[in-house]
Amino acid sequence: MLTQEQINAITTYCENKGVKYYDVQLELVDHIADIVKNIQESNRELSFNEALELAGKQFADDEFEMIVNSKKRQLLRRFKRLWCEEFISYFTIPKVTITMCLVAFVVWASHLKNLEKLPMALLQVFSIVSIGYGFGKSKIIKQNKEDRMLRLIILDVLDNRNRLLLIPMLGYIFLMFRDMFEFSPYPKFVYEIGLYFFPLFVLIALAWRKVYVDQNILLRDQYPQAFAF
Amino acid sequence: MYWNVMYIRIMNKSTLYKGCLEPIIMRLLKDNGRMYGYQITQMVKEITKGELQITEGALYPLLHRLEEQGVVETEMENIGNRVRKYYTLTKAGKKQTSIAMDELKIFMQSLNLIVNPKLA
């Protein structure tokens, strides 16, 4: 059996090859440790360092990078699939009916009752809720960020996706400025289109939020060694 | 024509095996229950008497893809001072393995007809 120092040396070797993430590293460390053990068993005169060097030669130069990149691609695909599933799960008859009634009420109130400020008022309420859900750190996310000791590829990919939501959110903040300060950076039809697409954006943001939180909960169980308890 | 001949000459065994890697791994997992990366490479090497050697750069991306597709599931286990990741076929993965093996058999029969036209 390899000693802890030897396992640490393999971990450092993987890090030097560009595998910085613990969730990718653990599999490769185990793999290389097995190769090293195998080499040492077949040639007992070889030192650990010599065996590690030989084990490393079994990997092509770009293989480590290839493994990390493929893991990233698979994670992106997984999150996209989960996000779509979550988004589609909204479309049940009661939920769609309530949303359509709300939209119809806003259109009716703004056009027939001359309550021009109503859509924007609702937009502001939705924005606050959406920002709260989308970027507010729930307990588990906050805890994961505080307790994380090792870098995880899953968290990096999740956080990168989470930041993407900022783009449409900024667009809606501009819409609110337009209404609040009579400031008009774009034509009225952009404002109207943006307004009517807002329920869709809220749904997308909420579906993502659910995936984001669920994955953070799963992480804790999957890689307990990566977190300090 | 010249380029075709050149391509055939430089085409190595791994290129030929590339498309078969997925059903091979699925079959191994079906027969052995749970397996880890290194074990898969060694078993393939042993069964094919060293003829087929799976590189890590081909194995792990494939295992990660199968995991994403829900064909395999993973579990971690502490082995001494390191963590080992085991792969197991899911229920859907077992069904898919049977389909993949049937497809592979048909492919091999078709290939045989090309290699040995007299048998047709």
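Thresholds applied
- Residues numbered from 1 in each chain as written.
- Chains lettered and ligands numbered in written order.
- Predicted model: local features only at pLDDT ≥ 70, side-chain atom pairs only at ≥ 80, totals over all residues.
- Helix = DSSP H or I, 4+ residues; strand = E, 2+ residues; numbered from the N terminus.
- Buried ≥ 20, exposed ≤ 12 C-beta atoms within 10 Å, placed from the backbone.
- Contact = placed C-beta atoms within 7 Å.
- Pairing = 2+ DSSP bridges.
- pLDDT = per-residue confidence, 0-100.

Draft legend 1. View of the overall build of chain B. Check the secondary structure of chain B and you find six helices and three strands. Its helices and strands in sequence order give chain B the pattern α-α-α-β-α-α-β-β-α, from N to C terminus. Counting across all 120 residues of chain B, residues that qualify as buried make up 21%. Excluding contacts between residues fewer than 6 apart, the proportion of contacts in chain B whose partners are at least 24 apart in sequence is 48%.

Draft legend 2. Examining the overall build of chain A more closely. Scanning chain A from N- to C-terminus turns up eleven helices and zero strands. Listed N to C, the secondary structure of chain A is α-α-α-α-α-α-α-α-α-α-α in terms of helices and strands. Each of the 229 residues in chain A was classed as buried or not, and the buried ones make up 22%. Restricting the contact set of chain A to residue pairs at least 6 apart, pairs at least 24 apart contribute 72%.

Draft legend 3. The arrangement of the sheet that holds strand S3 (residues 82-89) of chain B in detail. Residues and elements named next belong to chain B. Across the sheet, which stays open at both edges, the three strands sit in the order S1-S3-S2 with antiparallel pairing between neighbours. Two strands close off the open sheet at either side, each with one partner strand: strand S1 (35-36) and strand S2 (72-79). Bridge count for S1 against S3 is two bridges, and the pairing is antiparallel. In the strand pairing of S3, Met35 is matched with Tyr87.

Draft legend 4. Inspection of the confidence of the model for chain B at higher detail. All names here are of chain B. For chain B, mean pLDDT is 85; residues scoring 70 or higher make up 85% of the total. At the level of individual helices and strands, chain B shows its lowest average pLDDT in helix H1 (residues 2-10), which scores 44, and its highest in S1, which scores 96. The low-confidence segment residues 1-11, where pLDDT is below 50, has zero contacts with residues more than four positions distant or belonging to other chains.

Draft legend 5. Seen up close, the environment of Val213 of chain A. All names here are of chain A. Relative to the elements of secondary structure, Val213 occurs in helix H11 (residues 198-222). You can call Val213 partly exposed: it has 15 C-beta atoms within 10 Å. For Val213, the contacting residues outside a window of four places in its chain are Ser138, Ile140 and Ile141.

Draft legend 6. Layout of the interface of chain B and chain A. Across the contact, 17 residues belong to chain B and 21 residues belong to chain A. Among the elements that line the side of chain B that touches chain A, the one with the most residues is helix H5 (residues 56-68) of chain B, at seven residues.

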